[in-house]
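# A structural walkthrough
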Amino acid sequence: AQRVTQPEKLLSVFKGAPVELKCNYSYSGSPELFWYVQYSRQRLQLLLRHISRESIKGFTADLNKGETSFHLKKPFAQEEDSAMYYCALNTGGGNKLTFGTGTQLKVEL
Amino acid sequence: NAGVTQTPKFRILKIGQSMTLQCAQDMNHNYMYWYRQDPGMGLKLIYYSVGAGITDKGEVPNGYNVSRSTTEDFPLRLELAAPSQTSVYFCASSYSGSRQPQHFGDGTRLSIL
């Protein structure tokens, strides 16, 4: 069965420090992975997807099939990055998603 | 362009009562979804629909029903509310096909007492 694991419930970093939010997955098929973000008092929204290989708001994520990981990284954290981040796995048919439990990122001044 | 609209935002129900959570989207998306999120947990899929008249179960469908009579609307029905259904419910929609991002509503916070 498919599973997404985000081991950290809370990650606290100082402004300007590097950030890495961990995501590991378990899936027998070819994975399609996403990062969604929820800022305070806003809707859950797409941050980035592995298929696009893009950088959004300074964040990048690389799919590592050998380690079954899709960690989210940013070299220099900003205060506005404080939010809840969810890793999600597309499990095919119907574009369904399996979500991790989320990591609360807190960027301190 | 409102995107995905959920009503109500909050609701308290008594055990055994029934209610319908409304979800509407104005993006002409074929695919729609209902998730629930319990405290400290990720979102879990309840039901989904790939088009009007077509629905299918997700991971946690027990205690819920859905219908999809139009492309725009995807209501979620709780027939006999139970305390275990206390949760935050999210509706989402997407274009057809895989790899399409899902667009979420603001959520409905439901308490069953």
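It should be noted that the structure appears before, not after, this text.
Here's what I pulled together on the structure shown here. (Residues numbered from 1 in each chain as written. Chains lettered and ligands numbered in written order. Predicted model: local features only at pLDDT ≥ 70, side-chain atom pairs only at ≥ 80, totals over all residues. Heavy atoms only, no water.)

## Focus on the sheet that holds strand 7 (residues 60–61) of chain A
Residue and element names in this part refer to chain A. Strand order in the open sheet formed by three strands is 3-8-7, with antiparallel pairing between adjacent strands. Each edge of the sheet is formed by a strand with only one pairing partner; in this case those strands are strand 3 (19–21) and strand 7. As defined by bridge partners, strand 3 adjoins strand 8 (residues 72–74) across three bridges and the pair is classed as antiparallel. Bridged to Leu 21 within strand 8 is Leu 72. (Pairing = 2+ DSSP bridges. Helix = DSSP H or I, 4+ residues; strand = E, 2+ residues; numbered from the N terminus.)

## Looking at the interface of chain A and chain B
On the chain B side, the residues contacting the 20 residues of chain A number 25 residues. For the pairing of chain A and chain B, the buried interface totals around 1,800 Å² over both sides, and the portion due to carbon and sulfur atoms is 50%. For the pair chain A and chain B, the interface holds one salt bridge. Run the count over chain A and chain B and you get 10 residue pairs in polar contact (both at pLDDT 80 or more). (Contact = heavy atoms within 4.5 Å. Buried area = accessible area lost by both parts, 1.4 Å probe. Salt bridge = Lys/Arg side-chain N within 4 Å of Asp/Glu carboxyl O. Polar contact = N/O pair within 3.5 Å; in protein donor to acceptor, adjacent residues only side chain to side chain.)

## A few points about the pairing of strand 4 (residues 31–37) of chain B
Residues and elements named next belong to chain B. Burial analysis of strand 4 places seven of its seven residues in the buried class, the great majority of the element. Every second residue of strand 4 is oriented toward a common face, with Tyr 31, Tyr 33, Tyr 35 and Gln 37 on one face and Met 32, Trp 34 and Arg 36 on the other, all of them buried. As paired strands, strand 4 and strand 9 (residues 87–94) are joined by seven bridges and run antiparallel to one another. Bridge pairing links Met 32 to Ser 93 in strand 9. Here strand 4 runs beside strand 5 (residues 43–51); their pairing, made up of six bridges, is antiparallel. (Buried < 20%, exposed > 50% of the residue type's maximum accessible area, 1.4 Å probe, protein only.)

## Focus: the state of the cysteines
Residue and element names in this part refer to chain B. Scanning the entire structure with this criterion turns up two disulfides over all chains. With a sulfur-sulfur separation of 1.8 Å, Cys 23 is cross-linked through a disulfide to Cys 91. Negative torsions about the S-S bond denote left-handed disulfides, and the value of about -75 degrees found for Cys 23 with Cys 91 makes this one left-handed. With Cys 23 in strand 3 (residues 19–25) and Cys 91 in strand 9, this residue pair connects regions lying 68 residues apart in the sequence. Each member of the pair, Cys 23 as well as Cys 91, is classed as buried. (Disulfide = S-S within 2.5 Å.)

## A short note on the side chain of Asn 90 of chain A
Secondary-structure assignment places Asn 90 of chain A in strand 9 (residues 83–90). In terms of polar contacts, Asn 90 of chain A uses its side chain to reach the side chain of Asn 95 of chain A, at 2.6 Å. If we skip the residues at most four places from it in the chain, Asn 90 of chain A touches Tyr 27, Glu 32, Phe 34, Asn 95, Lys 96 and Leu 97 of chain A together with Ser 98 and Arg 99 of chain B.

## A short note on the pattern of salt bridges
Counted by the stated rule, this structure contains eight salt bridges over all chains. Across the pair Glu 59 of chain B and Lys 44 of chain B runs a salt bridge, and its minimum N-O distance is 3.8 Å. In this pair, Glu 59 of chain B is assigned in the loop between strand 6 (54–57) and strand 7 (64–66) and Lys 44 of chain B in strand 5, connecting sequence segments 15 residues apart. Residue classification places Lys 44 of chain B among the partly exposed residues on the basis of a relative accessible area of 28%. In this structure, a network of salt bridges that share partners links the residues Glu 20, Lys 22 and Lys 73 of chain A.

## Thoughts on the nonpolar core
Formed by 24 residues in total, the largest nonpolar core has its most connected members in Trp 35, Leu 47, Leu 48, Phe 70, Leu 72 and Tyr 85 of chain A. Counting residues per element, the ones that place at least two in this core are strand 2 (10–14), strand 3, strand 5 (32–38), strand 6 (45–49), strand 9 and strand 11 (103–108) of chain A. When residues of this core are assigned to their parent elements, the largest contribution, four residues, is made by strand 9 of chain A. Ignoring any residue separated from it by four or fewer positions in sequence, one finds Leu 72 of chain A in contact with Val 19, Glu 20, Leu 21, Trp 35, Leu 47, Leu 48, Phe 59, Thr 60, Ala 61 and Tyr 85 of chain A. Core analysis: the next-biggest nonpolar cluster, separate from the first, contains 20 residues, Leu 13, Tyr 64, Cys 91 and Leu 110 of chain B among them. (Core = buried A, V, L, I, M, F, W, Y, C linked by side-chain atoms within 4.5 Å.)

## Considering the sheet that holds strand 1 (residues 4–7) of chain B
Residues and elements named next belong to chain B. Overall, antiparallel pairing links the four strands, which are arranged 1-3-8-7 in an open sheet. Of all strands in the sheet, those bounded by a partner on one side alone are strand 1 and strand 7. On average, each strand axis in the sheet is inclined to that of its neighbour by 20 degrees, with strand direction left out of account. Both strand 1 and strand 3 contribute to a ladder of four bridges, which runs antiparallel. Each bridged residue has a counterpart across the sheet, and for Gln 6 the counterpart in strand 3 is Cys 23. (Axes fitted to C-alpha atoms, helices over the stretch in contact; angles between N-to-C directions.)

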